[in-house]
Amino acid sequence: PGAELMVLIDLYAENPCAAIWKGLFPFPVVVRGESEWAAALKRTGWRVTTSRRILDPQGPRPESEFEPSEWSPSYDDYLAEKQAGTLRLGATRSG
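Residues numbered from 1 in each chain as written. Predicted model: local features only at pLDDT ≥ 70, side-chain atom pairs only at ≥ 80, totals over all residues. Heavy atoms only, no water.

> Whenever I open this one, the overall build of the protein chain confuses me. Can you help?
Looking only at helices and strands, the protein chain features 3 helices and 3 strands. Ordering the α and β elements of the protein chain from the N terminus gives β-α-α-β-α-β. Taking 95 residues into account, the globule formula puts the C-alpha radius of gyration at 12 Å, and the protein chain, at 16 Å, lies well above it. Projected onto the principal axes, the alpha-carbon positions of the protein chain cover approximately 50 × 30 × 20 Å. The buried share among the 95 residues of the protein chain stands at 28%. Within the protein chain, contacts between residues at least 6 apart in sequence are counted, and of these 72% link residues at least 24 apart. Counting every atom, the protein chain has about 6300 Å² of accessible surface; 53% of that belongs to carbon and sulfur. Of the side chains in the protein chain, 11 bear a positive and 13 a negative charge, and the two mean positions are spaced by 14 Å. (Helix = DSSP H or I, 4+ residues; strand = E, 2+ residues; numbered from the N terminus. Rg over C-alpha atoms; globule rule 2.2 N^0.38 Å. Buried < 20%, exposed > 50% of the residue type's maximum accessible area, 1.4 Å probe, protein only. Contact = heavy atoms within 4.5 Å. Areas by Shrake-Rupley, 256 points an atom, 1.4 Å probe, with all protein chains shown as cover. Lys, Arg positive; Asp, Glu negative; His and termini not counted. Charge placed at Lys NZ, Arg CZ, Asp CG, Glu CD.)

> Quick question: what am I supposed to make of helix α2 (residues 34-43) here?
Residues spaced three or four apart along an α-helix point in a common direction, a consequence of the helix completing one turn every 3.6 residues. Taken residue by residue, α2 has Glu-34, Ala-38, Ala-40 and Leu-41 as its buried positions. Burial along α2 is one-sided: seen end-on, the buried residues are contained in an arc of 160°. Away from the buried face of α2 by more than 90 degrees, exposed residues Ser-35, Lys-42 and Arg-43 are located. Where α2 is buried, its residues contact β1 (3-9), β2 (47-54) and β3 (86-93). (Arc of directions from axis to C-beta.)

> I'm lost on the environment of Ala-19 in this one. Help?
Relative to the helices and strands, Ala-19 is located in helix α1 (residues 18-22). Taking the relative accessible area as the measure of exposure, Ala-19 reaches 66% and is therefore exposed. Taking the C-alpha atoms as reference points, Ala-19 and Val-31, separated by 12 residues in sequence, lie 8.3 Å from one another.

> Honestly, the nonpolar core in this entry has me stumped. Any pointers?
Counting 8 residues, the largest nonpolar core consists of Ile-9, Tyr-12, Leu-41, Trp-46, Ala-84, Leu-87, Leu-89 and Ala-91. Per element, the largest residue contribution to this core is 3 residues, and it comes from β3. Ranked by size, the runner-up nonpolar core spans 5 residues in total, among them Cys-17, Ala-18, Trp-21 and Val-29. (Core = buried A, V, L, I, M, F, W, Y, C linked by side-chain atoms within 4.5 Å.)

> Teacher, can you tell me more about the sheet that holds β2 here?
Through backbone hydrogen bonds, the strands of a sheet pair up, either in parallel or in antiparallel fashion. Spatially, β1-β3-β2 is the arrangement adopted by the 3 strands of the open sheet, whose pairing is antiparallel. The open sheet has two edge strands with one neighbour each: β1 and β2. Adjacent strand axes in the sheet meet at a mean angle of 15°, parallel and antiparallel pairs treated alike. Of the strand pairs in this sheet, β2 and β3 are connected by 7 bridges, and their pairing is antiparallel. Looking at the pairing, Ser-51 lines up with Leu-89 of β3. (Pairing = 2+ DSSP bridges. Axes fitted to C-alpha atoms, helices over the stretch in contact; angles between N-to-C directions.)

The structure is reproduced here in structure tokens:
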């Protein structure tokens, strides 16, 4: 039998907040783009079947409810992250 893989990634190059987040980890972080993630899966024997963004169905909260943090220092950063969404890659591999 084959295998199926579903990967959800928030820290990817097309997410504008990735540049902020990368510096917050206490270890080295490599930020890859959507096509780089797909290529990495292919190199390891996976066939990428889907690549899309998942957006929060509730949308962003109003600015009046926003509290800055090191992960979202400004409301504009928060909105950019919400608009980028989560990268969802699906792949299969035959057994």
